[in-house]
Amino acid sequence: MAGVADVRRRVLMISGAIDTTEHDVSVSVNLPEPGRWQVIKSETNLTDKTWVAMQVVTDEDSTFVDDAETLVLSRQFSKSFMTPDQRRLTFYDGEVRPGEAVLKVYSLDAGGRKPTYSYSRYSPIATDTAEQSQQTLDELISNGMKQRPVIELIVPVTVIG
C-alpha cells in the first residue's frame, strides 16, 4: 500500500491490495499534520472470497466526520452505518468480488500525526442460507465485526501541495 497527502486540499489517497481472509488489516499513516483529512482509499480484493461488507475502526485519537457536507460513500456499497461515537464505519449492501477493486471515501479527524485504523471484511459462509447470511450481516452492522488476528501495515505517504 502507498499513500499521497495533498496538504492544500487536506486529502489523503491510499491504494493497495488485500490478500488475506483470515486477518484484519491495521493501517498506520504518517500525516504531515493532525486535523481533518478526506480519505480516498482503494484496494483490490486478492482473496478468493466475495466481500459483502467492510468495516473501518479508528484508533482512540481519531474519529470519522459525520456532517451534511462530508462525503461518506463507496462505489461498491450503497449503504453505510456509523456508530454514534464516530469510531466505527461499516459499508454494506453491495459486493467486491475476487480481483475487483473497492473505493471508499470518508473524512477522518486525526488527533495526531500518526492515526491508525483497522479494516475488517465480511464474506458470507458458503453453507449459510440467504436468510442466515442476512441475519449475520445485520448483526455485524449493529454490533461490529469481531476482531480477528491483525496484520499491521505502515503506509508510506508522499506529501504534495
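In what follows, the structure referred to is the one given above.
Conventions adopted
- Sequence order as written defines residue numbering, which begins from 1 separately in each chain.
- With the structure being a predicted model, the display of local features is reserved for residues of pLDDT at least 70 and the display and counting of side-chain atom pairs for 80 or more, all residues being used for whole-chain, interface and lining totals.
- In computing side-chain properties, one takes all heavy atoms of the structure into account and sets aside hydrogens as well as water.
- The rule is simple: take the accessible area with a 1.4 Å probe, protein chains only, and divide by the maximum for that residue type; under 20% is buried, over 50% is exposed, in between is partly exposed.
- In this description a helix means any DSSP run of H or I spanning at least four residues, a strand means any run of E spanning at least two, and both kinds are numbered starting from the N terminus.
- At least two DSSP bridges between two strands are needed for those strands to be called paired.
- Angles shown run from 0 to 180 degrees and are taken between the N-to-C directions of axes, each axis being a line fitted to C-alpha atoms and, for helices, limited to the stretch in contact.
- Salt bridges are defined as contacts in which a side-chain nitrogen from Lys or Arg sits within 4 Å of a carboxyl oxygen from Asp or Glu.

> How would you explain the pairing of strand 10 (residues 101–110) if you had to name every residue and give the values?
Counted residue by residue, strand 10 has 7 buried out of 10 residues, so it is predominantly covered. Relative to strand 10, strand 4 (residues 35–45) runs antiparallel, the two sharing 10 bridges. Bridging from a neighbouring strand, Ile40 pairs with Val105 of strand 10. Pairing of strand 7 (residues 73–74) with strand 10 involves 2 bridges; the strand directions are antiparallel. Across the sheet, Ser74 pairs through a bridge with Lys104, a residue of strand 10.

> An account of the pairing of strand 8 (residues 77–82) is needed here, citing residue identities and associated values.
As paired elements, strand 8 and strand 9 (residues 88–96) share 5 bridges and run antiparallel to each other. For Phe77, the partnering residue across the bridge sits in strand 9 and is Gly94. Count of turn residues in the strand 8/strand 9 antiparallel hairpin: 5 residues, of which Gln86 carries a positive phi of about 60°.

> Could you give an account of unusual backbone geometry, with specific residues and numbers?
Residue Arg10 is not a glycine yet carries a positive backbone phi of 60°. Secondary-structure assignment places Arg10 in the loop between strand 1 (2–6) and strand 2 (11–18). In this structure, Gln86 is a non-glycine residue whose phi angle is positive, near 60°. Within the secondary structure, Gln86 is located in the loop between strand 8 and strand 9.

> I'd like to hear about the sheet that holds strand 12 (residues 150–155), residue by residue, with values.
If you walk across this open sheet you meet the 6 strands as 8-9-5-11-3-12, and the pairing is mixed. Among the strands making up the open sheet, the edge pair consists of strand 8 and strand 12. The average undirected angle you get between the axes of adjacent strands in this sheet is 20°. In the sheet, strand 5 (residues 51–58) pairs with strand 9 via 6 bridges, with the strands oriented antiparallel. The partner of Ala53 across the bridge, within strand 9, is Tyr92.

> Tell me about the pattern of salt bridges, and please be specific about residues and values.
Applying the stated criterion across every chain, the model contains 9 salt bridges. Members of the salt-bridge network, linked through shared partners, are Arg36, Asp67 and Asp109.

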